[in-house]
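Here is how the chains run, residue by residue.
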Amino acid sequence: MLIVVTGPSGSGKSTILRHVMRDLRGVRFSVSHTTRPRRPSEQDGRDYHFVAKGEFERMVRRSAFVEWAIVHGNYYGTSKREIAEKGKAGDVILDIDVQGAKQVQALGIAAVFVFIMPPVFRELKRRLKERGEDKPDVIERRLRTARREITQASHFDYVVINDKLDRAVLELESIILATRCRLAVRRDQVRTIQRSFE
Ligand code: ADP
Ligand code: 5GP
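Along each chain, residue indices are assigned from 1 in the same order as the chain's sequence is written. For naming, the first written chain is A and the first written ligand is 1, with later ones following in the order written. In keeping with the predicted nature of the model, local features appear solely for residues at pLDDT of at least 70, side-chain atom pairs appear and are counted solely at 80 or more, and the whole-chain, interface and lining totals rest on all residues. Heavy atoms throughout the structure, all of them, feed into the side-chain values; hydrogens and water do not.

Asker: Is there a simple way to think about the overall build of the protein chain in this case?
Answerer: Scanning the protein chain from N- to C-terminus turns up eight helices and nine strands. With the C-alpha coordinates of the protein chain rotated into their principal frame, the extents come out at 65 × 40 × 30 Å. Within the protein chain, the proportion of its 198 residues that are buried is 44%. Contacts in the protein chain between residues at least 24 apart in sequence constitute 67% of all its contacts with a sequence separation of at least 6. Side-chain charges of the protein chain comprise 38 positive and 26 negative groups, with the mean position of each set lying 2 Å from the other. Elements are defined by DSSP. Helices are runs of H or I of four residues or more, strands are runs of E of two residues or more, and each kind is numbered from the N terminus. For the exposure calls, accessible area comes from a 1.4 Å probe over protein chains only, and a residue counts as buried if that area is under 20% of its type's maximum, exposed if over 50%, partly exposed in between. Note on contacts: a residue pair qualifies if any of its non-hydrogen atoms lie within 4.5 Å across the two residues. Positive: Lys, Arg. Negative: Asp, Glu. His and the chain ends are not part of the count. Just so you know, the charge point we use is NZ for Lys, CZ for Arg, CG for Asp and CD for Glu.

Right, here's the structure in full:
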């Protein structure tokens, strides 16, 4: 199953997902392509595939992306290849912005959509400042975008409110585990068990 995790920048998507990837087996992270410069803490191929603008645009022309968007002035996209490769081994998690999540929704493919919310605006501001990764003007831009994005929460299947981190991690893990228990997902396994009773 595809698990699409979205929400404003600073809402805690990457932090929560780091924990989920450690705790749960059978989930793989979809590594996006981006034209954003690499942060010192990031690794090419692990956090993102860092590419030049020209290369990204060539990939767009070749229809290499499931979805892509310009987020805070940079290109970001999920490649079809990434989903196909990672999907072979189980669930695939996408950490993408709200525009991208809506594009995936419009495709009508089987996926679960989770919106991560900070508990209150001023806490989002505090976390973005504290993260210390972005200059003040970039933070202002992200906060402006967040005001727009937060209104979109009602379009998604689940909402995780990231107040206490351990609670938020548990909630996302519960969503993933519950998704795996859906009859539509388990149908083959159910049939096999039923046949063993014949
Ligand atoms: P996103 O990936 O959505 O942009 P991050 O995961 O980078 O957000 O989180 C933004 C900042 O907030 C980081 O510095 C992170 O350590 C911090 N953070 C995330 N969740 C919490 C939380 N529940 N309580 C306090 N700080 C948090
Ligand atoms: P950051 O630059 O902080 O890593 O990410 C900025 C935003 O881009 C985040 O909201 C993140 O979810 C989003 N993002 C990351 N990868 C993708 C992607 O492949 N597609 C889209 N649409 N957004 C992405």
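Asker: Whenever I open this one, helix H4 (residues 98-107) confuses me. Can you help?
Answerer: Because an α-helix packs 3.6 residues into every turn, residues spaced three or four apart end up facing the same way. Taken together, the buried positions of H4 are occupied by Val98, Gly100, Ala101 and Val104. The buried residues of H4 all sit within an arc of 160° when viewed along its axis, so they share a single face. Buried positions along H4 lie against strand S1 (2-6), strand S5 (65-71), strand S7 (91-95), strand S8 (111-117) and helix H6 (136-149). Positive backbone phi, at 70°, marks Gly108, one or two positions downstream of H4. The arc in question is formed by the directions pointing from the helix axis toward the C-beta atoms.

Asker: Sorry if this is basic, but what is going on with the packing of helix H5 (residues 121-131) against H6 here?
Answerer: Helix-helix packing is characterised by the crossing angle of the two axes and by the distance between the axes. Each axis is a line fitted through C-alpha atoms, and for a helix only the stretch in contact is used; angles between axes span 0 to 180 degrees, taken between their N-to-C directions. Where H5 contacts H6, the two axes come as close as 11 Å, and the packing angle between them is 150°. In terms of orientation, H5 and H6 fall into the roughly antiparallel class. As H5 runs across H6, the sense of the crossing is right-handed. Contacts between H5 and H6 involve Phe121, Leu124, Lys125, Leu128, Lys129 and Arg131 on the former and, on the latter, Ile139, Glu140, Arg142, Leu143, Ala146 and Arg147. Every angle not falling under 35 degrees, over 145, or within 65 to 115 is termed oblique; those three ranges are roughly parallel, roughly antiparallel and roughly perpendicular. Crossing chirality is assigned from the near helix's rotation relative to the far helix, an anticlockwise turn below a right angle marking it left-handed and a clockwise turn marking it right-handed.

Asker: Explain the sheet that holds S1 to me, please; I cannot follow it from the model alone.
Answerer: The strands that make up a sheet pair up through hydrogen bonds in the backbone, lying either parallel or antiparallel. Strand order in the open sheet formed by five strands is S2-S7-S1-S8-S9, and the pairing between neighbours is parallel. Edge positions in the sheet fall to strand S2 (27-29) and strand S9 (158-161), since each of these pairs with one other strand and no more. Averaged over all pairs of adjacent strands, the angle between strand axes in this sheet comes to 25°, irrespective of strand direction. Criterion used throughout: strands pair if DSSP finds at least two bridges between them. Summarising the sheet, S8 and S9 pair through four bridges and their orientation is parallel.

Asker: Help me understand the pairing of S5, please; the structure alone is not making it clear to me.
Answerer: Two faces make up the sheet, and in a regular strand the side chains alternate between them. Two elements, S5 and strand S6 (residues 74-79), share six bridges in a ladder whose sense is antiparallel. For Ala69, the partnering residue across the bridge sits in S6 and is Tyr76. Here S5 folds back onto S6 in antiparallel fashion, the turn holding two residues, of which His72 has a positive phi close to 45°.

Asker: Just checking my understanding: could you explain the site of ligand 1 for this structure?
Answerer: Throughout, near means a residue has at least one heavy atom within 4 Å of the molecule or strand. If you check the shell around ligand 1, you find 14 residues, and the closest are Gly10, Ser14, Thr15, Arg131 and Asn162. Measuring from an oxygen atom of ligand 1, one finds a backbone N or O atom of Gly12 at 3.0 Å. Surface accessibility in these figures is a Shrake-Rupley result with a 1.4 Å probe; residues are shielded only by whichever protein chains are displayed. Within the complex, 77% of the 570 Å² of free accessible area of ligand 1 lies under protein. For the shell around ligand 1, the elements supplying multiple residues, two or more each, are helix H1 (13-23) and H5. For the shell around ligand 1, the per-class residue count stands at two nonpolar, seven polar and five charged. Polar contact is defined as a pair of N or O atoms within 3.5 Å, subject to the rule that within protein one atom must be able to donate a hydrogen and the other to accept it, and that residues adjacent in sequence are counted only when both atoms are side-chain atoms. Any residue outside Ala, Val, Leu, Ile, Met, Phe, Trp, Tyr, Cys, Pro, Asp, Glu, Lys and Arg is labelled polar, Gly included; the first ten of those are nonpolar and the last four are charged.

Asker: So what exactly am I meant to see when it comes to the site of ligand 2 here?
Answerer: Taken together, 16 residues lie around ligand 2, and Ser32, Arg36, Tyr48, Tyr76 and Asp95 are the ones closest in. Residue Gly77 places a main-chain N or O atom 3.2 Å away from an oxygen atom belonging to ligand 2. Between Thr78 and ligand 2, the recorded distance is 3.3 Å, taken from a side-chain N or O atom to an oxygen atom. Put simply, the parts of the chain that give the shell around ligand 2 at least two residues each are S5 and S6.

Asker: Looking at this model, I keep getting lost on the sheet that holds S6. Mind explaining?
Answerer: Overall, mixed pairing links the four strands, which are arranged S4-S3-S6-S5 in an open sheet. Each having just a single partner strand, strand S4 (48-50) and S5 make up the two edges of the open sheet. Taken over all neighbouring pairs, the strand axes of this sheet differ in orientation by 25° on average, direction set aside.

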